[in-house]
Each structure stands twice: as C-alpha cells, then as structure tokens.
Amino acid sequence: MKATTLALIIGVVLGAFALTQSAFTVEETEKAIVIQLGRPVGDKELGPGLHFKLPLIQNVVYFDARILDFDAKPEEITTTDKKYMNVDSYSKWRIVDPLTFYTKVRTIQGAQARLDDIVRSQLRVALGRYTLIEVVSHKRQEIMDAVTRRSEELLKPYGIDIIDVRIKRTDLPAENARAIFGRMKAERERQAKQYRSEGREASAKIIATADKERSIILADANKQAEIVRGEGDAEATKIYADALGQSPEFYAFMRSLDAYRKGFGNNSRFILTPKSPFLKYMQ
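An unreviewed UniProt entry lists the chain under the name Protein HflC, from Pseudodesulfovibrio piezophilus. Reading the Sequence similarities (unreviewed entry) entry of the UniProt record for the chain gives the comment "Belongs to the band 7/mec-2 family. HflC subfamily." Reading the Subcellular location (unreviewed entry) entry of the UniProt record for the chain gives the comment "Membrane".

Take a look at the structure:
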C-alpha cells in the first residue's frame, strides 16, 4: 500500500513537472518558435496563446512583434556637389518572419547590425545623387522614400520589414562649418561695404543737390533784393526830385540839417572856413 501511494505521488510530481516544462504561453506582443538542438521545429511561428513543447529537449525563443526603432550613429556622407555632411538617421522595423529571422540573424543585436550596414549604404548611395541644398530642402522626402523601398527589398530575406527610414538631423562637419561661416562673413562684409559705398554716393548726391538748390535760392533772393533795392532807390530819387521841384530852398535846408545831425552827432572834427557852404544855414 505504501509503495503504491509513493509511486502515485512520484507519478503526480513527474506529471506536474512535465506539464510545467512542456506548456508555455505567448503574449499578444510576441511571436515564438520552438528550438530543438539549435534548429527550429516546424515551419511556422507561434502566435499568442497557450502552446506545448517537449520538455528538456526543446526550448522556446520569443520575438517582439511590435514596431521597433533603430537609431543609427551619425556618419559623414558626401553629396554630388562634393559637400560633406553629418547625417543622423533612424529606422522603424519589425520582425515578420521569426523562422527566417532566427536562421539569418538570430538576435535583435544581429538584426541591428544588418540594419546598420544596409540602411547606411543606401543612405550614402541616395544622398550621393543629390546636392546639399536638395538634401536639406525639397528633395528629402523623395530621398527617404527611395531609401526605405531599397532597404525593404534588401532586408526582406532576413525576415525583417522596414517600415520607414528618416533623417533626424543633418549637420556640417566642423571644418566645413567654419569655412562656410567664413564665406558667409566675407559675403556679409562685402555687402556692408557695398551698402556703405552706395550710402556715401547717395549722401554726396543729396548734398550736391541741396547745395545747388541753396545757390539757386540765394541767387533768386539776391536778385529779388537788388530789384527791390533798385525800386526803392528809384522811388527815393523820385521823391527827392519831386521835393526839389516843389521847394528847392526847403529841400536844401532839410538836407543840410540831416548832414549836420549825422556829422556833429558822432563827435567828428571839421576843418572849415567861416564862409564854407556847409555852414550856410548855421550863420
């Protein structure tokens, strides 16, 4: 009785052990394959759910079924116009055939190494067909689509599907940046000199025009002044003539008084004889 009970207990333990070693589950975000002696068993991957395998001699390898990111290291690429640029890119990919993937690259690290080689080479080829301006402006989408298509073709035999390849950032190498900044500075200085020269030329024209207008205005003013002065002198002469014609003696008297006022009012000294005509009205 005891032997039977012991055997039953041992059988139950062994059965439970065999069940725990043979049953396994695959999550919704995973795919799996069964490996026996280093080789895949069957020709299909296992989807989400409960599955069984032979205990001890078979193992399960799980693969992520989600979209994965691969961020490549920046590298220097030459464009068709012989310009150098540092390109930082990334790729979105997923495992579509776990059996082929395991056979060809084994692990995620192996797949990333293959991605690095193929995507980098396609980027170099694609960017080498365009100029620097085209790469950083209106041709980028066209370049990325071409790189994605070609990379997808080359990685399909590895069980990998490339969803998208994109350039995160493009920078100029340090020496190129310094050279370009130097050219930009020289160009700005040339433009500044040109603007200063044009400003001096415009200033000289404005000053010359102002001087010309000033001379014309002064000449017109002097002309008008001379005309007015001449008219005034003519009017004064006419008045004097009219006054002389009406009363020559009174006119002579007023003119003498005016001469006395101007002469004697300045403490002037005169040397005159008593019969001098100048003293006519003072005698």
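That was the structure; now back to the text.
Undergrad: Can you help me understand the overall build of the chain in this one?
TA: Helix and strand counts for the chain stand at seven helices and nine strands. Relative to its full complement of 283 residues, the chain shows a buried share of 23%. Pairs at least 24 residues apart make up 64% of the contacts formed inside the chain by residues separated by at least 6 positions. Counting every atom, the chain has about 19,900 Å² of accessible surface; 57% of that belongs to carbon and sulfur.

Undergrad: Help me understand the packing of helix α3 (residues 108–127) against helix α5 (residues 140–155), please; the structure alone is not making it clear to me.
TA: It is at 9 Å that the axes of α3 and α5 come closest, and there the two elements cross at 140°. Taken together, α3 and α5 sit at an angle that is classed as oblique. In terms of crossing hand, the pair formed by α3 and α5 is right-handed. From α3, R114, L115, I118, V119, Q122, L123, A126 and L127 reach across to α5, where they touch I143, M144, V147, R150, S151, L154 and L155. Of the residues belonging to the contact of α3 with α5, the class tally is eleven nonpolar, two polar and two charged.

Undergrad: Sorry if this is basic, but what is going on with the sheet that holds strand β5 (residues 58–64) here?
TA: Sheet strands pair via backbone hydrogen bonds, and the direction of the pair is either parallel or antiparallel. Pairing within the open sheet is antiparallel, and its three strands lie in the order β3-β2-β5. In this open sheet, the two edge strands, each paired with only one partner strand, are β3 (39–46) and β5. Adjacent strand axes in the sheet meet at a mean angle of 25° when their direction is disregarded. As paired elements, strand β2 (residues 30–36) and β5 share seven bridges and run antiparallel to each other. Residue pairing for β5: I33 is matched across the bridge by V61.

Undergrad: How should I be thinking about the packing of aromatic side chains in this particular structure?
TA: In this description, an aromatic ring pair is defined by two values, namely the gap between the centres and the angle between the planes. Considering all chains together, one arrives at two aromatic pairs under this definition. Here the aromatic rings of W93 and F101 are separated by 6.5 Å at their centres, their planes lie at 20°, and the arrangement is stacked. Both residues of the pair, W93 and F101, belong to the buried class. Joined through ring pairs, the aromatic side chains of F63, W93 and F101 make up one cluster. Across from the ring centre of Y158, 5.7 Å away, lies the NZ or CZ of K104, which sits over that ring. A cation over a ring is seen here: R106 above Y102, with NZ or CZ 4.4 Å from the ring centre.

Undergrad: Looking at this structure, how should I read unusual backbone geometry?
TA: Only a minority of non-glycine residues have a phi that is not negative, and only a minority of peptide bonds are not trans. With a phi close to 70°, R106 is a non-glycine residue in the positive phi region. Residue position: R106 is located in the loop between α2 (98–104) and α3. Of the residues examined, R106 reaches a relative accessible area of 42% and is grouped as partly exposed.

How each quantity is defined
- Residues numbered from 1 in each chain as written.
- Predicted model: local features only at pLDDT ≥ 70, side-chain atom pairs only at ≥ 80, totals over all residues.
- Heavy atoms only, no water.
- UniProt positions renumbered as here; feature names shortened; annotations may be inferred.
- Helix = DSSP H or I, 4+ residues; strand = E, 2+ residues; numbered from the N terminus.
- Buried < 20%, exposed > 50% of the residue type's maximum accessible area, 1.4 Å probe, protein only.
- Contact = heavy atoms within 4.5 Å.
- Areas by Shrake-Rupley, 256 points an atom, 1.4 Å probe, with all protein chains shown as cover.
- Axes fitted to C-alpha atoms, helices over the stretch in contact; angles between N-to-C directions.
- Parallel < 35°, antiparallel > 145°, perpendicular 65-115°, else oblique.
- Left-handed = near helix turned anticlockwise from the far one by under 90°.
- Nonpolar A, V, L, I, M, F, W, Y, C, P; charged D, E, K, R; others polar.
- Pairing = 2+ DSSP bridges.
- Phe/Tyr/Trp six-rings, centres within 6.5 Å; stacked < 30°, edge-to-face > 60°.
- Lys NZ or Arg CZ within 6 Å of the ring centre and 35° of its normal.

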